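Overview (structure and organization)
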Amino acid sequence: MYCQSGDILHVRIVGGASVTSWESVQEVWGIKAITTMQRRFSDLKNKTFDLLVVGGGIYGAWTAYDAALRGLSTALIDRGDWAGGTSSASTKLIHGGLRYVAQGHFGLVRKSLNERQRLMRLCPHRVEALRFGVPVYRKDRLASWRLRLGLSIYDLLGSIAGSEARHERLSAEAFARRFPWLRVTDLDSGWVYGDAQTDDARFVLELVDGALAAGAVAVNYCGAIAYEERHGRVTGVIVKDQVTGEQTPVHARCVVNATGAWVKDAPGFSPKACRLCKGVHLILPRLPGRDALLFFSETDGRVIFLVPWYGLTLLGTTDTDYAGNPEDVDVEREDVDYLLRSANRVLGSVQWREEDILGGFAGLRVLKGKQGLAPSALSREWTLKELNNGVLVSVGGKFTSARYDAAAIVDKVCRKLGVRRPCMTAGLAFPWAPDQNYSEWLRNSVERGRNLGLGAEEIRWLGFRHGRRIEEIFQSIERNNALGSRALSDLPFIVADLFHCARNEMIVHLDDLLRRRSPLLVLHRFSPDEMEAIAADIAPILEWDKARQRLEIGKCLDSFLRFRKRV
């Protein structure tokens, strides 16, 4: 049974065994669970893999995870950290994309909404339901019927017309009560509908961990510096350990390039086949309530979101063409002005200024290279290209539908290798998903956390970030109660959380911990003393001496100060 066959509640693998949980996969395949993500560059040497995946973002991670579960010998590498590019710079949503309905991309929306529903089942710790509001002002009355039609189609495409996630219309008074910070002048009414959100970087990390546990080799900070060819076909890649400088050939029967914005650098790939578009997000103070808001910019009509995230507010995104080096993408002054101006037009008594910005980030979307259209009008459809040298190149796509697309990549790999092995990701619970009823697990986790002296916010985000691995963090607090204290007083991240990440999650640099294993670098205005304290705390775990600590702190502070200068 293959992944693309619709809403699958279970899968069957070779031998007829029914697989619905990570434990059953371990039992059937003989996979040994591991508790730490170990970085072993030496594991790439002297082997020929069935598949080498270059690029450790959402598409590379899903591809490696899927392939490893199918029993293919798999290697996954990235020149930087896992989710180090666009996959940690998204709007953190798992959604179909309401605006794609207006553009007529019904197939893309249906696929994404089906995946959203699937992910909410398979990883409830990782993907949370989130309600969105859409305000309608009197000057927009003529557009209200379009919203109603679009939301009705959205519900139908997602097969949720009768569920709690369906849309509904609220009066101006009811909508203003739900969003008390909203500008009410000329407010006519509002709509609410259902979607979901995630932590994108940790989503990717969990898939990488699952691939490792399924037998894959995964090495971050491992760059592909050259391709090896024989008779015009790629047979391997020369890789460089960015930590030690060591180089080695990695041989593979099939190579997949899933490097996202760096795809233009792939040998044999035409740069004209895609366009890079920049999206910027800002982090701003918390707004009351737990619902998100979707509104339309008065400047260019594009969709902008205000999303609650880790107790603060995520504002984004922009959508502009980008022609520079992907390494250099950053938040610019005009991005900040655009987002603040757009947000302040829908905010009421709250009016944000530059000094309110806590952090921000920029990412690049890879879109089909059609000229003459604005970036926001370009399709987000995904494409798989096979180059003349045999390399498979993943182009474009959406975070939400990456699992479905990765299954198609691995299907193609299996055909090239002459094997037939079923996909398992369509019905398999995530590696860190609780192995019991989620509501029951959540209640037990809350009770356990409270008994350890943790607050409700700390417990909530621990579960969201770590799933069932929260138990390991609870055990560390039992051994040392001081680990239950907050790492920073204004955010719900505890010391035990950071220690767990440093010990178990393949951290090489300080910004791996403070930007991707946690989002602290974009949520908090760090002082040098605060950063030094965290670096000193994790230094024994990572075996950093004083010189290495100063180097890592300097790198993070430089990044932070560059951002502050731009805003």
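Look above for the structure.
About the cut-offs
Residues numbered from 1 in each chain as written. Predicted model: local features only at pLDDT ≥ 70, side-chain atom pairs only at ≥ 80, totals over all residues. Heavy atoms only, no water. Helix = DSSP H or I, 4+ residues; strand = E, 2+ residues; numbered from the N terminus. Rg over C-alpha atoms; globule rule 2.2 N^0.38 Å. Buried < 20%, exposed > 50% of the residue type's maximum accessible area, 1.4 Å probe, protein only. Contact = heavy atoms within 4.5 Å. Areas by Shrake-Rupley, 256 points an atom, 1.4 Å probe, with all protein chains shown as cover. Pairing = 2+ DSSP bridges. Right-handed = clockwise from strand over helix to strand, strands pointing away. Axes fitted to C-alpha atoms, helices over the stretch in contact; angles between N-to-C directions. Parallel < 35°, antiparallel > 145°, perpendicular 65-115°, else oblique. Nonpolar A, V, L, I, M, F, W, Y, C, P; charged D, E, K, R; others polar. Disulfide = S-S within 2.5 Å. Polar contact = N/O pair within 3.5 Å; in protein donor to acceptor, adjacent residues only side chain to side chain. Salt bridge = Lys/Arg side-chain N within 4 Å of Asp/Glu carboxyl O. Expected span 1.5 Å × (residues − 1). Phe/Tyr/Trp six-rings, centres within 6.5 Å; stacked < 30°, edge-to-face > 60°. Left-handed = near helix turned anticlockwise from the far one by under 90°.

**Thoughts on the overall build of the chain**
Secondary structure summary: the chain contains 17 helices and 20 strands in total. A compact globule built from 567 residues should have a C-alpha radius of gyration of about 24 Å, and the chain, at 23 Å, falls within 12% of that. With the principal axes as the frame, the chain shows a C-alpha extent of 70 × 55 × 45 Å. The 567 residues of the chain split such that 59% are buried. Taking contacts inside the chain between residues at least 6 apart in sequence as the whole, the part at least 24 apart equals 74%. Total accessible area on the chain stands at roughly 22,600 Å², and carbon and sulfur atoms take up 49% of it.

**Digging into the pairing of strand 3 (residues 48–54)**
A large share of strand 3 lies buried, amounting to six of its seven residues. As paired elements, strand 3 and strand 12 (residues 247–257) share six bridges and run parallel to each other. Within the sheet, the bridge partner assigned to leucine 51 lies in strand 12 and is cysteine 254. Here strand 3 pairs with strand 4 (residues 74–77) via four bridges, running parallel. What sits directly across from leucine 52, in strand 4, is alanine 75. Following the backbone out of strand 3, through helix 2 (residues 58–69) and into the adjacent parallel strand 4, one traces a crossover that is right-handed.

**Here we look at the environment of glycine 150**
As for its position among the elements, glycine 150 is in helix 5 (residues 141–157). A relative accessible area of 12% places glycine 150 in the buried class. Each C-alpha atom of the pair glycine 150 and phenylalanine 361 lies 30 Å from the other, and the pair is 211 residues apart in sequence. With sequence-adjacent residues up to four places away left out, glycine 150 is seen in contact with Leu98 and Val101.

**Some points on the packing of helix 4 (residues 106–122) against helix 9 (residues 402–417)**
Closest axis-to-axis distance for the helix 4/helix 9 pair is 8 Å, and the angle between their directions is 105 degrees. In terms of their interaxial angle, helix 4 and helix 9 are classed as roughly perpendicular. Taken together, the residues of helix 9 that come into contact with helix 4 (itself represented by Lys111, Glu115 and Arg118) are Arg403, Tyr404 and Asp405. Taken together, the residues that form the contact of helix 4 with helix 9 break down as one nonpolar, no polar and five charged.

**Brief notes about the state of the cysteines**
According to the stated counting rule, one finds zero disulfides in the structure shown. Take cysteine 254: it sits in no disulfide, and the sulfur closest to it among the cysteines is that of cysteine 414, at 9.4 Å. Here cysteine 414 is not disulfide-linked; the sulfur of cysteine 423 is the nearest cysteine sulfur, at 9.3 Å. On the accessibility criterion, cysteine 414 (3% relative accessible area) is buried.

**Examining the side chain of glutamate 115**
Considering the arrangement of structural elements, one finds glutamate 115 in helix 4. Residue glutamate 115 is classed as buried on the basis of its relative accessible area, which comes to 1%. In this structure the side chain of glutamate 115 is engaged in a polar contact, spanning 2.8 Å, whose partner is the side chain of arginine 403. Excluding residues that lie within four positions of it along the chain, glutamate 115 makes contacts with Thr400, Ser401, Arg403 and Tyr404.

**With respect to the side chain of aspartate 319**
Looking at the element boundaries, aspartate 319 is found in the loop between strand 16 (312–316) and strand 17 (320–321). A relative accessible area of 10% places aspartate 319 in the buried class. A polar atom in the side chain of aspartate 319 sits 3.2 Å from the side chain of arginine 302. Of the polar contacts made by the side chain of aspartate 319, one reaches the side chain of arginine 365; its length is 3.0 Å.

**So, the pattern of salt bridges**
Opposite charge on two side chains lets them pair, provided their charged atoms get close. One pass over the full model with this rule turns up 41 salt bridges. Of the charged contacts in the structure, one is a salt bridge between lysine 45 and glutamate 246, with a shortest N-O distance of 2.2 Å. Of this pair, lysine 45 sits in the loop between helix 1 (22–29) and strand 3 while glutamate 246 sits in the loop between strand 11 (233–241) and strand 12, and the two are 201 residues apart along the sequence. Since its relative accessible area comes to 33%, glutamate 246 is described here as partly exposed. If you follow the salt bridges from partner to partner, you end up with Asp81, Asp511, Asp512, Arg516, Arg517 and Lys555 in one network.

**Some thoughts on the environment of leucine 44**
Relative to the helices and strands, leucine 44 is located in the loop between helix 1 and strand 3. Among the residues examined, leucine 44 registers a relative accessible area of 0% and is labelled buried. Sequence-wise, leucine 44 and alanine 75 are 31 residues apart; in three dimensions their C-alpha atoms are separated by 7.5 Å.

**Let's talk about helix 8 (residues 333–344)**
The terminal C-alpha atoms of helix 8 lie 16 Å apart, and with 12 residues this matches the ideal 16 Å at 1.5 Å per residue to within 8%. Residues Asp335, Val336, Tyr338, Leu339, Leu340, Ser342, Ala343 and Asn344 constitute the buried set of helix 8. Considering only its buried residues, helix 8 is in contact with strand 13 (274–284), strand 14 (292–296), strand 15 (303–309) and strand 16.

**A short note on the packing of aromatic side chains**
What the rule picks out here adds up to 17 aromatic pairs. With 6.4 Å between their ring centres and 15 degrees between their planes, tyrosine 59 and tryptophan 382 make a pair best called stacked. Highlighted residues: tyrosine 59 in helix 2 and tryptophan 382 in strand 19 (residues 382–386), separated in sequence by 323 residues. Judged by its relative accessible area of 7%, tyrosine 59 is buried. A ring pair is formed by phenylalanine 132 and tyrosine 193, whose centres lie 5.5 Å apart and whose planes are at 20 degrees; its orientation type is stacked.

**Quick look at the pairing of strand 11**
Note that strand 10 (residues 222–230) and strand 11 share eight bridges and pair antiparallel. Each residue of the ladder has a partner; that of glutamate 229, found in strand 11, is valine 234. A loop of two residues connects strand 10 with strand 11, the two strands running antiparallel in sequence, and histidine 231 in this loop sits at a positive phi of about 55 degrees. Linking two consecutive strands that pair antiparallel, namely strand 11 and strand 12, is a turn of five residues; a positive phi of about 85 degrees is found at glycine 245 within it.

**A word on helix 7 (residues 200–213)**
Taking 1.5 Å per residue as the helical rise, helix 7 with its 14 residues ought to reach 20 Å, and the 20 Å between its terminal C-alpha atoms agrees with that figure. Sitting at the amino-terminal end of helix 7 is aspartate 199, which places a side-chain oxygen 3.3 Å from the backbone nitrogen of alanine 201. Count one or two residues on from helix 7 and you reach glycine 215, which has phi positive near 110 degrees.

**Details of the packing of helix 10 (residues 438–451) against helix 12 (residues 470–479)**
Helix 12 packs onto helix 10 with a crossing angle of 15 degrees between their chain directions and a minimal axis gap of 11 Å. As summarised for this structure, helix 10 and helix 12 are arranged roughly parallel, according to the angle between their axes. Seen from above, helix 10 lies across helix 12 with left-handed handedness. The residues of helix 12 that touch helix 10, namely those facing Trp441, Ser445, Arg448 and Gly449, are Ile470, Glu471, Phe474, Gln475 and Glu478.

Geometry only, nothing functional implied.
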